[in-house]
Amino acid sequence: MAAPVFMRGAQGLWAIDGTKYSPNPIAEVDKSNTCKAMTFSEDGSLFAWCNADSAYIMDTNTMEILQDLGIPKLVDIKFSPQGSVLASWNNYMVNREGGAGMPNLHIFDVKTGDIKKSYIQKKQINWNPEWSGDEGICVRNVNNELQFYENNNFEQVANKLHLQKVSAFSLAKGSCPYSIAAYVPGAKGQPSFVRLYRYPNLSGLQAALATKSFFKADRVNFFWNKPGHSLLVLTSTESSDSSYYGEQGLHYLNINGDSCLVPLQKQGAIYHVEWLPNQTEFILIHGYMPAKTTIYNLKCEPVFDFGTGPRNLCAQKKQIAQTQASDTTHFEWCPDGQHLLTCTTAPRLRVGNGYRIWHYTGTLMLQKFTENHAELWEVHWRPRPADQTPKFNISTKPVASDAAVEQPKAKAGAYRPPHARGTPGAPPPTQKPLQEYEPPSNAKDSDKAPSKNKKKRDARKAKAAAQEICLNQRSDFSLFFSCQYCCLTTQICLNRRSDFSLFFSCQYCCLTTQ
């Protein structure tokens, strides 16, 4: 089964077949260098993109353009979950004649290409509406309130949730009854908070199913499980006293009213959060390098710790292969579960842009860098429904391939120090690893950590034993003491005794001290 890879860059918009390991395009979608955004429908059957002239919708099976929307200079686009509606946003502008704002958020009917509704949305942050998985409701943030629409009828607001200074929200992708989370940032020493609601019960003090308040949150990210009954909220700050990169926290809420802070197993940043397919456990990658990977249950208890080395959950929790892809800015699994995509894209890196396709056993299958050092902006596999993913047996034996890892060629005139010009590069020196990896462990089977009092008792016993050993090893020893009156230091010699008190007279001031 074909697995197309779509690419957007300064050389246009094109697609290749990622499983045939050929860089030759199977479709040249757009040859212009003004493509601003691209997106797929969730099942991958539809593809949309926009350039300086217009926006288009294409059938990914036939590679035929279905709709030309006719609106130029769009900045962002988004499909609804079932692909029946396309939302777009462009920069807010004011009519020169009347001075009134012009609508810049448009809702299109995918089948006809007609605009269903247009709104004014000045800021790009949180511009996009959100739908439930069955498209039963749609919600968008409008001036301190969340407005709800039912069955894609945008002519009438079906319900509202008013929260002063609400800045972010998230609608669970599950079916009815629908769950929604709303975030209100703190102000004037008050904490920020997230509240959970069940549609359509949105008004009144008792409408909120759960509330979690916290400090140190400049922005939040929401992670729902598929049924929509549990939510993880990742909070982040821009900077903090302890780290230039800010601080992060992970909070858990559910529709039963439970909420708590997820305890981290290691200090440092949170890199990734993901719900497991069983939807009752989630995995967390966090901590200073080497990062720790831990599985938690719905009680936010760690149930398995993968340690700090590379692991694979589907292969008896063991490493299958290891490879190196330098300067990778984006990583993505193929829907077939057997191939991986790594790429170097702009604006993160503007030199050496290109992509690599790997087999999961670590074998490089295809490598391609852009010609003439052109920028590559975005690379994605075409999505595929989960029920169309073929099953296969995991193997640790590398597959055969003719591709070899190559480094991108440097631009002409690249600077090299005088002593290195015209000479081959010296082999890199061997280096010792900067850290040792921790092995995986079952958190439930591990012994409980000793209490603080037990640690103190053990420390006192160890200190006393060390002193006794020191006394038994010598028959006499010297003491250096400082007089509390004249502050001069005197040395005395003592014979070993099982217990004794010291009364000494300073040889300088002749005063006695115990």
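The structure displayed is predicted, hence computed values, not measured ones.

Caption draft 1: Broad picture of unusual backbone geometry. The omega torsion across Y199 and P200 is 5 degrees, close enough to zero to call that bond cis. Relative to the helices and strands, P200 resides in the loop between strand 18 (192–198) and strand 19 (210–214). Backbone torsion omega between M289 and P290 reads 0 degrees, so that peptide bond is classified as cis. Residue placement: P290 occurs in the loop between strand 25 (281–286) and strand 26 (292–297). Backbone geometry places N144, a non-glycine residue, at a positive phi of 65 degrees. Position of N144 relative to the elements: it lies in the loop between strand 13 (137–141) and strand 14 (145–150). Given a relative accessible area of 26%, N144 falls into the partly exposed group. Even without being a glycine, N151 presents a positive backbone phi close to 55 degrees.

Caption draft 2: Inspection of the sheet that holds strand 6 (residues 55–59) at higher detail. Ordered by their spatial adjacency, four strands build an open sheet running 4-5-6-7, and the pairing between neighbours is antiparallel. For this open sheet the edge positions go to strand 4 (37–40) and strand 7 (64–68), each flanked by a neighbour on one side alone. For this sheet, the mean inter-axis angle between neighbouring strands, taken without regard to orientation, is 25 degrees. For strand 5 (residues 46–50) and strand 6, the ladder comprises five bridges, and the chain directions are antiparallel. Counted as the bridge partner of A48 is I57 from strand 6.

Caption draft 3: Representation of the nonpolar core within the structure. L146, F148, L161 and I180 are the most contacted members of the largest nonpolar core, which has 18 residues in total. Mapped onto this core, the elements with two or more residues apiece are strand 13, strand 14, strand 16 (168–171), strand 17 (179–184) and strand 18. In terms of residue count, the dominant contributor to this core is strand 17 (three residues). Beyond its immediate stretch of four places on either side in the chain, F148 contacts I137, C138, V139, Q156, V157, A158, N159, K160, L161, I180, Y199 and L202. Counting residues in each nonpolar core, the second largest holds 15 residues, with L196, A210, V233 and L253 among its members.

Caption draft 4: Quick peek at the side chain of S54. Relative to the helices and strands, S54 resides in the loop between strand 5 and strand 6. Residue classification places S54 among the buried residues on the basis of a relative accessible area of 3%. Engagement of the side chain of S54 in a polar contact is seen with the backbone nitrogen of G70, the distance being 2.9 Å. Discounting residues that sit within four places of it in the chain, S54 has contacts with W49, D68, L69, G70, I71 and P72.

The rules behind each value
Residues numbered from 1 in each chain as written. Predicted model: local features only at pLDDT ≥ 70, side-chain atom pairs only at ≥ 80, totals over all residues. Heavy atoms only, no water. Helix = DSSP H or I, 4+ residues; strand = E, 2+ residues; numbered from the N terminus. Buried < 20%, exposed > 50% of the residue type's maximum accessible area, 1.4 Å probe, protein only. Pairing = 2+ DSSP bridges. Axes fitted to C-alpha atoms, helices over the stretch in contact; angles between N-to-C directions. Core = buried A, V, L, I, M, F, W, Y, C linked by side-chain atoms within 4.5 Å. Contact = heavy atoms within 4.5 Å. Polar contact = N/O pair within 3.5 Å; in protein donor to acceptor, adjacent residues only side chain to side chain.

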